[in-house]
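Letter by letter, the chains look like this.
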Amino acid sequence: MEPLLKIKDLHVDFLSYAGAAHALNGIDFELFPGEFLGLVGESGSGKSLTANSVLGLLPRKNAVIAKGSILFEGEELVGKSEREYQALRGKKISMVFQEPMNALNPAFKIGSQVTEILKLHQGVTAKKARTEAVRWLARVRIPHPEEIMNVYPFELSGGMRQRVLLAMALSCGSKLLLADEPTTALDVSIQAQILRLIRDTTDSLGTSVLLITHDLAVVAQTCQRVAVMYSGNIVESGPVSNVLRLPRHPYTKALLQALPHLDGPIKALQSIPGTVPNLLTPPSGCRFHPRCSVAEKRCQADRPKLLSVAENHYVACWRESHHV
Amino acid sequence: MNTSKFVAKRLGQLVLVLLGVTLVTFLVSHVVPGDPARMLIGQRADEQTLAAMRQALGLDKPVWIQYLNYLWGLIHGDLGTSIRTQRPVLNELLSFFPATVELTLFAMGFAVSIGILLGLLSATFRDTLTDHATRILAILGVSTPLFWLGLMALLLFYKYLGWLPGSGRLDPLINPPTHITGLYVVDSLISGDWIALKSSILHLVLPSLCLGYIQLATIARLVRASMIEVLELDYIKTASANGIPRSRIIYRHALRNALIPTVTIIGLTFGELLGGAILTETIFAWPGMGKFVVDSISFLDFPAIMGFTLVVATVYVLINMVVDLLYPLLDPQIKGVH
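Residues numbered from 1 in each chain as written. Chains lettered and ligands numbered in written order. Predicted model: local features only at pLDDT ≥ 70, side-chain atom pairs only at ≥ 80, totals over all residues. Heavy atoms only, no water.

J.: What is the right way to read the overall build of chain A from this model?
T.: Scanning chain A for helices and strands turns up 12 helices and 12 strands. A compact globule built from 324 residues should have a C-alpha radius of gyration of about 20 Å, and chain A, at 21 Å, falls within 12% of that. Seen through its C-alpha atoms, chain A measures out along the principal axes to roughly 65 × 50 × 40 Å. Going through the 324 residues of chain A one by one, you find that 53% of them count as buried. Taking the contacts inside chain A whose residues are at least 6 apart along the sequence as the reference set, 65% of them involve residues at least 24 apart. Element-wise, carbon and sulfur atoms account for 53% of the exposed surface of chain A, whose accessible area totals about 14,800 Å². (Helix = DSSP H or I, 4+ residues; strand = E, 2+ residues; numbered from the N terminus. Rg over C-alpha atoms; globule rule 2.2 N^0.38 Å. Buried < 20%, exposed > 50% of the residue type's maximum accessible area, 1.4 Å probe, protein only. Contact = heavy atoms within 4.5 Å. Areas by Shrake-Rupley, 256 points an atom, 1.4 Å probe, with all protein chains shown as cover.)

J.: Looking at this model, I keep getting lost on the pattern of salt bridges. Mind explaining?
T.: It is possible for side chains of opposite charge to pair when their charged atoms get near one another. Residue and element names in this part refer to chain A. By the definition in use, this model includes 22 salt bridges over all chains. A salt bridge links Glu30 to Lys6, with the shortest nitrogen-to-oxygen separation between them at 2.9 Å. Note that Glu30 is positioned in strand S2 (residues 19-31) and Lys6 in strand S1 (residues 5-16), a separation of 24 residues in sequence. Looking at Glu30, the relative accessible area reads 27%, which means it is partly exposed. On the accessibility criterion, Lys6 (28% relative accessible area) is partly exposed. With a closest N to O distance of 3.1 Å, Glu132 and Arg135 form a salt bridge. Taken together, the residues span about one helical turn, with Glu132 and Arg135 both in helix H4 (residues 126-139) at a distance of 3 residues. The exposure class of Glu132 is buried, given its relative accessible area of 14%. You can call Arg135 partly exposed: its relative accessible area is 43%. Look at the salt bridges and you will find they share partners, linking Glu73, Lys92 and Lys175 into a network. (Salt bridge = Lys/Arg side-chain N within 4 Å of Asp/Glu carboxyl O.)

J.: Help me understand helix H4 (residues 63-75) of chain B, please; the structure alone is not making it clear to me.
T.: In an α-helix, one turn spans 3.6 residues, which is why side chains three or four residues apart end up on the same side. Residue and element names in this part refer to chain B. Taking 1.5 Å per residue, 13 residues should reach 18 Å; H4 reaches 19 Å between its end C-alpha atoms and fits that length. Taken together, the buried positions of H4 are occupied by Gln66, Tyr67, Tyr70, Leu71, Gly73 and Leu74. Projected down its long axis, H4 shows its buried positions confined to an angular sector of 160 degrees, all on one face. Exposed residues pointing more than 90 degrees away from the buried face of H4 are listed as Trp64, Trp72 and Ile75. Here the buried face of H4 lies against helix H1 (3-31) and helix H13 (302-330). (Expected span 1.5 Å × (residues − 1). Arc of directions from axis to C-beta.)

J.: What should I look at first to understand the confidence of the model for chain B in this one?
T.: Keep in mind that low pLDDT regions are not for reading the predicted coordinates in detail. Predicted confidence across chain B gives a mean pLDDT of 86, with 98% of residues reaching 70 or more. When pLDDT is averaged over each helix and strand of chain B, the minimum, 75, is found for helix H2 (residues 36-41) of chain B and the maximum, 93, for helix H10 (residues 234-241) of chain B. (pLDDT = per-residue confidence, 0-100.)

Below you can see the structure in the form of structure tokens.
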């Protein structure tokens, strides 16, 4: 099967007075039609940056795609003009963000914000757009959608706003949904509802999802495949069951050990020593080596490639794949 | 609280504000050295005539009686009699009011439209040549003294280039249009008097541009700052991610929200211009309230000065009330929160 999204050797640099920070340091992954892929990692590992690069939403002044390619439906996105991106956004690729509280324009009613996109991308009349909008609000399980059309965002809860944003993102038939920590700002009970809603809705539409999160539990609940990011690299990827149960990369292992368990003996939480590296002066070789408990000499010298260790399971670690 | 209650409350506050204003103006006018009675009858009049004049003006009574008399008159719509012209202050002010309103409206129209436009340009093309040019223009605006700007404009456009008239509201040879509103532009439009229309518009150009320039600068700077702030917000990113074109994001999604703080300033500006037209009216010999009050000041015509202050204060409070009533239309979150 042809991948819907294929990212190859993507490098994104942030330009600052202190020099260029290599925030994405050559990442590769593929996303297939209808697939639900989780992208996990610490803050600053480059998860959101990856999603923003796909949609051409990098801050124009100081971030550049230095190298690499982003293929969507076989079409190169890197180097597209703002106008070309506009035609893609909301229509073929959509995005929902972390903060539903501020993601809707406070000055306009819900109805006006949902119909605006429908009118823009589908060229339908105002009346048709309204019926469509109500249908979409109902589809994301908003009660009394007709009434919700006439309220302002501040009158809705965070969960309701995220539903509205999801309806907006999916309403024009996007094939790819980039969900950037869509539930992080919501409380736990609402989180599960929204995740289920995203999964059910995209399932029935056949939309692929790239779910960005730092929460491994969320990945376990919703994703089929997962890619783990560390400091601008993908260090491990594969089916969720493999990666979470039989992690191969020392970073993934350490992340999983840092999770609290409700069952089993009570013990102090394990944390990963050290901090996320400074992107202006990243460690040589494998960027994880200063924090890695099993690092060897060559981990300092050379960067390991992402190589297969089992079916569909890839790891970038000298100790795992390369000596096979 | 509903709108009518809000208006009633504000009108109640207006009464208090005006009471305060009368107290201050009254006290100030009685502390300032100078005797209006003496001004009126001249330096050579004898003591007897002076005493008679003081009695006629009510200046012989204790100050607090004078103040109560003044308030009593105000309640009955009597702002006193102008010492200089010997006519009721209210009539005088009413006859000069339209000229000032017309000048202020034109200055405001200029300042608001161009100010918002420049602010938008500046924010959209942030840190480019357009932005720098606009900001320099704005800084010049807030730092140029009005009297200097007015004189330079007169020298250039009236004296040397001769493109625009330099004083008054109309050419002396043209009859004013039929009095309907007192605004010459409106009146001549209504009565179809095209000659008076052209002349009155030409006469408005220099004074209203000079008067509006400072406010234009303030508005441009404010719009720039709030646009830049709004453009960084999450909902702008949502709009971008949904494929809404940048131009539409700017003029629909961002501007609408950036205008909320601007409306406050526009309201204050209007009041400021009404009261602040004094310099402009003097430079351009514009027969408005400002010119009237300057003439009154040089004559120590206290009833006239106090009347003018009262009118400006009233307009100020009323405009701020209108601004507060406008907020819910711009920002739905304020609805019913007054």
